[in-house]
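Architecture and fold: a report
Here is what each chain is made of, one letter per residue.
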Amino acid sequence: MKISFIQTSFFGLLLMILPLNVFSQSTDYTIEEVKFDSQGVSLAGSILIPEKPFAAVVIVHGSDPVKREMEFAKRLAKEGIAVLTYDKRGVGESGGVYVGPSVGTNNIDSVNLNLLSSDASEAVKTLQTYLKDKKTQIGLVGFSQAGWIIPIAASKNPQIQFMVLFSCPTITTLEQLRFQFYTNGNDKFWDNHTDADAREHTKNDPDKYQFVATDPKISLNAISIPGLWLFGEKDIQIPVKLCIEQLNAFKAQGKPFEYTLFPTLGHNTSSLDITTPFDVSIQWIKHKTIYNRNRKN
């Protein structure tokens, strides 16, 4: 599939600076089952370790009750990245309770988001103990709902040194719900709606749920680690242009936040059937870890 995309200037610069053969990696990796404790429960997952990982990541779930993301983890491991992926709290072999439904007040209540951020943080601490080279940088890679979870975790855990966010919001939980209820799952939504129209409803529609909103801008203001957001312009779950506007405001403040916009994609930027967003994320991680580490030496 050929996908056109718009992106920040970093990627073109990266290709000029770093020859691709610098990143040649063995596709061999080991898989080890692991359990770790978080907030009183035991979470179960898998750690994938390449022979010489240049970076390491923990995968953070979206809102659905899903087990560990093994296929996505294997894609990362084949590129030379160590990975910890785990069954979400209350799912699979992990203890605790999955808070659902996927869309609704309790799933994205601030209490639950903070709890899930603690799970991600404990996963980072666990992964670090499995790395032979303790200087290996560890980041978080997540999908959708992880846009609220990752910044909270990163603001609390200095071991987290970068973040990659596929189709993740930078707006509040209430604003996201307003937009999602407005689009109502209509795949043709953008055929007859404008960004201005979507913005108006996202900002002003009455809320179907009453709870304290989580604003990721608070946590993002508190951190200065590199971040990459990957957006699909046709997304009907998050208002992408509004999210990009927030990121541009952060960039103007000097935050190391970047994004890539894929005009033909929707909320599916992490799909196994679509390679371009994943490839962009890999090159970005390599740039932020290998190149930056070599520059410091």
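Our structure's up above, just so we're on the same page.
Residues numbered from 1 in each chain as written. Predicted model: local features only at pLDDT ≥ 70, side-chain atom pairs only at ≥ 80, totals over all residues. Heavy atoms only, no water.

Attention now goes to the packing of aromatic side chains. Counting across every chain of the model gives 13 aromatic pairs. Geometrically, the ring pair formed by F189 and W190 is edge-to-face, given 4.9 Å between the ring centres and 85° between the ring planes. For W190, a relative accessible area of 17% translates into the label buried. Members of the aromatic cluster, joined through ring pairs, are F72, F143, F166 and F278. (Phe/Tyr/Trp six-rings, centres within 6.5 Å; stacked < 30°, edge-to-face > 60°. Buried < 20%, exposed > 50% of the residue type's maximum accessible area, 1.4 Å probe, protein only.)

Tracing the backbone shows Q176 in helix α5 (residues 173-183). Looking at Q176, the relative accessible area reads 7%, which means it is buried. Not counting the four nearest positions on each side in its chain, Q176 is found in contact with I108, W148, I171, Q237 and I238. (Helix = DSSP H or I, 4+ residues; strand = E, 2+ residues; numbered from the N terminus. Contact = heavy atoms within 4.5 Å.)

All right, on to the environment of I81 then. For I81, the position within the fold is in strand β5 (residues 81-86). Taking the C-alpha atoms as reference points, I81 and I49, 32 residues apart in sequence, are found 7.3 Å from one another. Each residue touching I81, except ones within four places of it in the same chain, is listed here: L48, P50, F54, A55, A56, V57, L76, I282 and I285.

On to helix α8 (residues 240-252). Taking 1.5 Å of rise per residue, the 13 residues of α8 would be expected to cover 18 Å, and the 18 Å separating its terminal C-alpha atoms lies within 8% of that figure. Buried positions along α8 lie against α6 (195-204), α7 (216-222), β8 (227-232) and β9 (257-262). Immediately downstream of α8, the backbone of G254 shows phi near 95°, a positive value. (Expected span 1.5 Å × (residues − 1).)

Looking at the largest pocket, its volume works out to about 460 Å³. Looking at the largest pocket, it is lined by 26 residues, and the ones nearest its centre are G62, S63, D64, S144 and H267. Looking at the lining of the largest pocket, the elements with two or more residues in it are α2 (70-78) and α5. Looking at the lining of the largest pocket, the element that brings in the most residues is α5, giving 3 residues. Across the lining of the largest pocket, the residue classes tally to 11 nonpolar, 12 polar and 3 charged. Reported here for the second largest pocket is a volume of approximately 150 Å³. Along the walls of the second largest pocket sit I49, P50, E51, K52, P53, Y130, L131, K132, D133 and T136, which together make up its complete lining. Residues belonging to the lining of the second largest pocket are distributed by class as follows: 5 nonpolar, 1 polar and 4 charged. (1 Å grid on protein atoms, 1.4 Å probe; cavity = no way out; pocket = protein on both sides within 12 Å on 5 of 7 lines; lining within 4 Å. Points joined across faces, edges and corners; volume = space filled by probe spheres on them. Nonpolar A, V, L, I, M, F, W, Y, C, P; charged D, E, K, R; others polar.)

Under the counting rule described, the total for this entry stands at 14 salt bridges. Residues K286 and E79 are paired through a salt bridge, measuring 3.6 Å at the closest nitrogen-oxygen approach. One end of the pair, K286, is in helix α9 (residues 276-296); the other, E79, is in the loop between α2 and β5, and 207 residues separate them in sequence. You can call K286 buried: its relative accessible area is 3%. (Salt bridge = Lys/Arg side-chain N within 4 Å of Asp/Glu carboxyl O.)

What follows is about unusual backbone geometry. Here the bond from G100 into P101 is cis, since omega is 10°, no more than 30 degrees from zero. Within the secondary structure, P101 is located in the loop between β5 and α3 (110-129). Positive phi values are uncommon outside glycine, yet Q39 reaches one of about 50°. Relative to the helices and strands, Q39 resides in the loop between β2 (29-38) and β3 (41-50). Here S167, not a glycine, exhibits a phi torsion of approximately 55°, which is positive. Within the fold, S167 resides in the loop between β7 (160-166) and α5. You can call S167 buried: its relative accessible area is 1%.

As far as function goes, none of this settles anything; it's purely spatial.
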